[in-house]
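# Chain and residue survey
Here is how the chains run, residue by residue.
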Amino acid sequence: MMPLRPLLLALALATALPMTTHAKPADIAAAAPQTTLLSISASAETSRTPDIATLSTGVVTQSTEANTAMRNNAVQMDKMMAALRAAGLAERDIQTSGINLNPQYKYADNMPPTIVGYQASNTVNVKVRELGKLGKVLDTLVAQGANQINGPTFGIDKPDPAYTEARIAAVKKAQAQAQTYADTLGMRVLRIVSINEGGSSGPQPVPVMRMMAAPAPMAKDTAVAAGESSVSVSVDMVFELGR
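Source: prediction; values computed, not measured. (Residues numbered from 1 in each chain as written. Predicted model: local features only at pLDDT ≥ 70, side-chain atom pairs only at ≥ 80, totals over all residues. Heavy atoms only, no water.)

## Brief notes about the nonpolar core
For soluble globular proteins, the rule of thumb is that nonpolar side chains tend to be buried together. Our working definition: Among buried residues, those of type Ala, Val, Leu, Ile, Met, Phe, Trp, Tyr and Cys that are joined through side-chain atoms within 4.5 Å constitute a nonpolar core. With a 1.4 Å probe rolled over the protein chains alone, any residue whose accessible area is under 20% of its type maximum counts as buried; one over 50% counts as exposed, and the rest are partly exposed. By the criteria applied, helices consist of DSSP H or I runs no shorter than four residues and strands consist of E runs no shorter than two, each listed in order from the N terminus. The contact criterion used is simple: two residues touch if any of their non-hydrogen atoms lie within 4.5 Å.
Residues Leu-84 and Leu-141 are the most contacted members of the largest nonpolar core, which totals 20 residues. Looking at this core element by element, the count peaks at five residues for helix α4 (residues 134-143). Leave out the neighbours within four places in its chain, and Leu-84 touches Leu-89, Ile-94, Val-126, Val-137 and Leu-141. Among the nonpolar cores identified, the runner-up in size contains 19 residues, and Ala-44, Tyr-163, Ala-170 and Ala-174 belong to it.

This is how it looks when you write it as structure tokens:
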């Protein structure tokens, strides 16, 4: 007679083997989760009324001697800087951006170039926080000796709230697109796998105004239109879709 323990072991193996032998691949596949990943890129833009303007202004002088060109430039710059302060601009909003002295050459055929004079320039970047005064500031600069003005470029002094609004709009747009794909495929949006801010752009500049050489005094302030400034944000999101 077979011992009891080996007999029980043989019966257990005989019971388990048919279950393993008759398992079907289709049953295993059906038991696996059916999901897919969807990548979405979306961007959004929000606009604000500009509250600051920046411009570059300065003085260019010429003379046959380098020292004279620099001295004349310094005298005109002093007047221009005093006018900026008198217009209410703070020291933090006036920053020197470049001081240059360059020789001026005369060219002739079959002759080496000769220096005939010097050009001195001094340029400052200016930030105007009261846009209502911008036209008057421009006219004052020219009246006090500025013969080079580039700008203005309008912007937003504190753009963080505008960026937040654009981020929220971009995320909602990406979610809406993911839901559209899911509905079309008869699936559901299960979760957000990842989200990445692809990039953002600052306030878009308004076309610049360029002035060279001082015109005659004007009876009316220079007209300036600030328009709108916009910021944009883009996001890359990955969603998991499932049945």
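There is more to say after this.
## Examining the pairing of strand β3 (residues 94-108)
The following threshold applies: By this definition, two strands are paired if DSSP reports at least two bridges between them.
Strand direction decides the pairing type here: β3 and strand β4 (residues 111-128), joined by 13 bridges, are antiparallel. By the bridge assignment, Lys-106 is partnered in β4 with Thr-114.

## What about the confidence of the model for the protein chain?
As a reminder of what qualifies: The pLDDT value tells you how sure the predictor is about a given residue, anywhere from 0 up to 100.
Model confidence for the protein chain is summarised by a mean pLDDT of 83, while 78% of its residues fall at 70 or above. Element-level pLDDT for the protein chain is lowest in strand β7 (residues 209-212), with a mean of 39, against a maximum mean of 96 in helix α5 (residues 160-185). Between residues 27-32, whose pLDDT stays under 50, and residues either more than four places distant or in other chains, the model counts zero contacts. Note on residues 205-218: pLDDT under 50 across the span, and 31 contacts to partners over four residues away in sequence or across chains.

## Some remarks on the pattern of salt bridges
Inclusion rule: Between Lys or Arg on one side and Asp or Glu on the other, a salt bridge is scored when a side-chain nitrogen of the former is within 4 Å of a carboxyl oxygen of the latter.
All told, the structure shown has seven salt bridges when counted by the stated rule. One salt bridge connects Asp-93 with Arg-129, and the closest N-O pair in it is separated by 2.9 Å. Taken together, the positions of Asp-93 in the loop between α3 (66-86) and β3 and Arg-129 in the loop between β4 and α4 put the pair 36 residues apart, joining distant regions of the chain. On the accessibility criterion, Asp-93 (7% relative accessible area) is buried. Owing to a relative accessible area of 29%, Arg-129 belongs among the partly exposed residues under this scheme. When the shortest N-O distance is used, the salt bridge between Glu-197 and Arg-167 registers 2.7 Å. Here the residue Glu-197 occupies a position in strand β6 (residues 188-201), and Arg-167 occupies one in helix α5, the gap between them amounting to 30 residues. The class of Glu-197 is partly exposed, set by a relative accessible area of 35%. Beyond isolated ion pairs, a larger network of salt bridges with shared partners links Asp-93, Arg-129 and Asp-157.

## Quick notes on the packing of aromatic side chains
To keep things clear, this is the line we draw: Here a Phe, Tyr or Trp ring, Trp counted by its six-membered ring, pairs with any other such ring whose centre lies within 6.5 Å, and the pair is stacked when the planes are under 30 degrees apart, edge-to-face when over 60, and tilted otherwise.
All chains considered together, the criterion is met by one aromatic pair. With 6.2 Å between their ring centres and 45 degrees between their planes, Tyr-105 and Tyr-107 make a pair best called tilted.

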